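# Architecture and fold: a report
The primary structure of each chain is shown beneath.
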Amino acid sequence: MVTTRELRERPADEPITMLTAYDAPTAEIVDEAGIDVILVGDSMGNAVLGHDSTLPVTLEEMHSRTAAVARATDDALVVADMPFLSFGVDEADSIENAGRMLKEADADAVKLESGPHTVELTRRLTQLGIPVMAHLGLTPQHVNELGGYQRQGTDPDAAERLLELARDHEEAGAFSLVLEHVPANLAAQVTDALDIPTIGIGAGPDTDGQVLVITDVLGLDEWSPPFSKQYADLRGVVTDAVTAYKEEVENGDFPADEHSHVESDVDDVY
Ligand code: KIV
Ligand code: NA
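If you're wondering where the values come from, they're calculated on a predicted model, not measured in any experiment. What you see as residue numbers is a count from 1 along each chain, following the sequence as written. To label them, take the chains in the order written and letter them from A, then take the ligands in the order written and number them from 1. Residues qualify for local features only when their pLDDT is at least 70, as the model is predicted, and side-chain atom pairs are given and counted only at 80 or more; totals for whole chains, interfaces and linings, by contrast, use all residues.

The subject of this paragraph is the site of ligand 1. Nearness is defined per residue: the C-beta atom, placed using the backbone, must lie within 6 Å of the molecule or strand. Taken together, the residues surrounding ligand 1 are Thr20, Leu39, Gly41, Asp42, Ser43, Asp81, Val178, Glu180, Ile201, Val211 and Val213. Across the shell around ligand 1, the residue classes tally to five nonpolar, three polar and three charged. All amino acids are sorted into three groups, where Ala, Val, Leu, Ile, Met, Phe, Trp, Tyr, Cys and Pro are nonpolar, Asp, Glu, Lys and Arg are charged, and the leftover types, Gly among them, are polar.

Structure, rendered in structure tokens:
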């Protein structure tokens, strides 16, 4: 079983592997492959819910998907992403919303898109026993405020602010830090400055771990960011399967005899 403590203590030469998953069958595959951390990311808004940003994702959607992933996962650490406005507005609501992910959905930790407004919240959640993964750099819930999904921390002032915030979140008790879409040299500098592990996406090779979005890895999306890598063409595989099924129904090849003479137990109605 992967724990927050094991991740914190992991030697620097053993990279942490993390992938997103949003459903039970995918989580089971990712877990059995030995990935360390499964993130139920709010990227599900784009990846599986058909939205064009993460903003519309609700707490109930995250809760339901996190529970499905947790049911299918034996070894990996399951981290639930806190969706837009489910944290940082009111402290009591933030704690209740994050706590539900552990108490009801069986997550092991939560992730918060971090900023000056999440330092004290990270401290409070950690004190209560809710482990927090911080997230700096490109924080997609800020897309409207940022005016797009550009790389962050690209000028010296922004880089300095990011480093300070990383230190503040470590000091507040975060057990790890995601760095998204920042220059590789900044990610390396932050990784050097912190004791807790950094996990990069579009942040170069020098973080303590890497994370990608599962639908990008599997080639299920029409579009994926340039910093991700496609390891399979599931879109092609699924298109071929669906097309073959359609053709076989249309030309009468399916169902064949073997699919038609299925004996069923009277008690076993399906
Ligand atoms: O929602 C997500 O998938 C994420 C990762 C890209 C870190 O936040
Ligand atoms: Na996210």
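So, on to the UniProt feature "active site" (unreviewed entry) in the protein. UniProt positions are given in the numbering used here, feature names are shortened, and annotations may be inferred rather than shown by experiment. If you check UniProt for "active site" (unreviewed entry), the listed places come out as Glu180 in our numbering. Each helix is a run of H or I in the DSSP string that is no shorter than four residues. Each strand is a run of E no shorter than two, and both are numbered from the N terminus. Here Glu180 shows up in strand E6 (residues 176-180). The burial criterion counts other C-beta atoms lying within 10 Å of a residue's C-beta, which is placed from the backbone; the residue is buried at 20 or more, exposed at 12 or fewer, and partly exposed between these limits. According to the C-beta neighbour criterion, Glu180 is buried, with 23 such atoms within 10 Å. Residues within four places of Glu180 in sequence aside, it is in contact with His135, Gly137, Leu138, Ile201, Gly202 and Ala203. Each residue is represented by a C-beta atom placed from its backbone, and any two residues with such atoms within 7 Å are regarded as in contact.

Between any two strands, pairing holds if DSSP finds at least two bridges. Here eight strands make up a closed barrel; going around it, the order is E1-E2-E3-E4-E5-E6-E7-E8 and the pairing parallel. Each neighbouring strand pair of the sheet contributes to a mean axis angle of 25°, computed without reference to strand direction. Whenever a helix is involved, its axis is fitted only over the stretch in contact; in every case the axis is a line through C-alpha atoms, and angles between N-to-C directions fall within 0 to 180 degrees.

Each pair of packed helices can be summarised by the angle the axes make with each other and by the distance between the axes. At a closest axis distance of 8 Å, the pairing of helix H6 (residues 119-128) and helix H8 (residues 156-172) adopts a crossing angle of 20°. Judged on the interaxial angle alone, H8 and H6 are roughly parallel. When you trace H6 past H8, the crossing you get is right-handed. Here Val119, Thr122, Arg123 and Thr126 of H6 lie close against H8, whose contacting residues are Asp168, His169 and Ala172. When its residues are assigned to classes, the contact of H6 with H8 shows two nonpolar, three polar and two charged. Orientation labels follow simple angle bins: below 35 degrees gives roughly parallel, above 145 gives roughly antiparallel, 65 to 115 gives roughly perpendicular, and whatever is left gives oblique. In this scheme the crossing of two helices becomes right-handed for a clockwise turn of the near helix relative to the far one and left-handed for an anticlockwise turn of less than a right angle.

In this section: the UniProt feature "binding site: 3-methyl-2-oxobutanoate" (unreviewed entry) in the protein. Annotation from UniProt places "binding site: 3-methyl-2-oxobutanoate" (unreviewed entry) at Asp42, Ser43, Asp81 and Lys111. A maximum C-alpha distance of 12.3 Å among these annotated residues, which run over 70 residues, shows that they cluster at one spot. Note on Asp42: 31 C-beta atoms within 10 Å, which makes it buried. Those residues in contact with Asp42 that lie beyond four places of it in its chain are Thr54, Val57, Met62, Asp81 and Pro83. Tracing the chain through its elements places Ser43 in the loop between strand E2 (37-40) and helix H3 (44-47). When neighbours within four sequence positions are excluded, Ser43 is seen to be in contact with Thr20, Thr54 and Val213.

Turning our attention to the confidence of the model for the protein. What pLDDT conveys is the predictor's confidence in a given residue, as a value from 0 to 100. Per-residue confidence for the protein gives a mean pLDDT of 96; residues scoring 70 or more make up 97%. In the predicted complex, the global pTM is 0.96; the interface-specific ipTM is 0.98.

Multiplying 1.5 Å by the helix residue count minus one yields the expected span of that helix. With 13 residues, helix H5 (residues 91-103) extends 18 Å between its outermost C-alpha atoms, agreeing within 8% with the 18 Å of an ideal straight helix rising 1.5 Å per residue. Listed in full, the buried residues belonging to H5 are Ser94, Asn97, Ala98, Met101 and Leu102. Viewed end-on, H5 has its buried residues packed into an arc of 145°, placing them on one side of the element. Away from the buried face of H5 by more than 90 degrees, exposed residues Ala92 and Lys103 are located. Where H5 is buried, its residues meet helix H4 (59-72), strand E3 (77-81), strand E4 (109-113) and H6. Think of it as the arc spanned by the lines of direction from the helix axis to the C-beta atoms.

Attention now moves to the packing of H5 against H6. At a minimum axis distance of 11 Å, the contact between H5 and H6 shows a crossing angle of 45°. By the angle between their directions, the pair H5 and H6 is classed as oblique. Taken as a pair, H5 and H6 cross one another with a handedness that is right-handed. Counting all contacts with H5, which are made through Glu91, Ser94, Ile95 and Ala98, the residues of H6 involved are Leu121, Arg124, Leu125 and Leu128. When the residues that make up the contact of H5 with H6 are grouped by side-chain class, the tally is five nonpolar, one polar and two charged.

Buried residues dominate E6, accounting for five of its five residues. The alternating pattern of E6 places Ser176, Val178 and Glu180 and Leu177 and Leu179 on opposite faces, both of which are buried. Bridging between strand E5 (residues 132-137) and E6 involves five bridges; their strand directions are parallel. Its bridge partner being in E6, Met133 is matched across the sheet by Ser176. Handedness of the β-α-β unit built from E6, helix H9 (residues 184-193) and strand E7 (residues 198-201) comes out right-handed. Look down the strands so they point away from you; if going from the first strand over the helix to the second traces a clockwise path, that crossover is right-handed.

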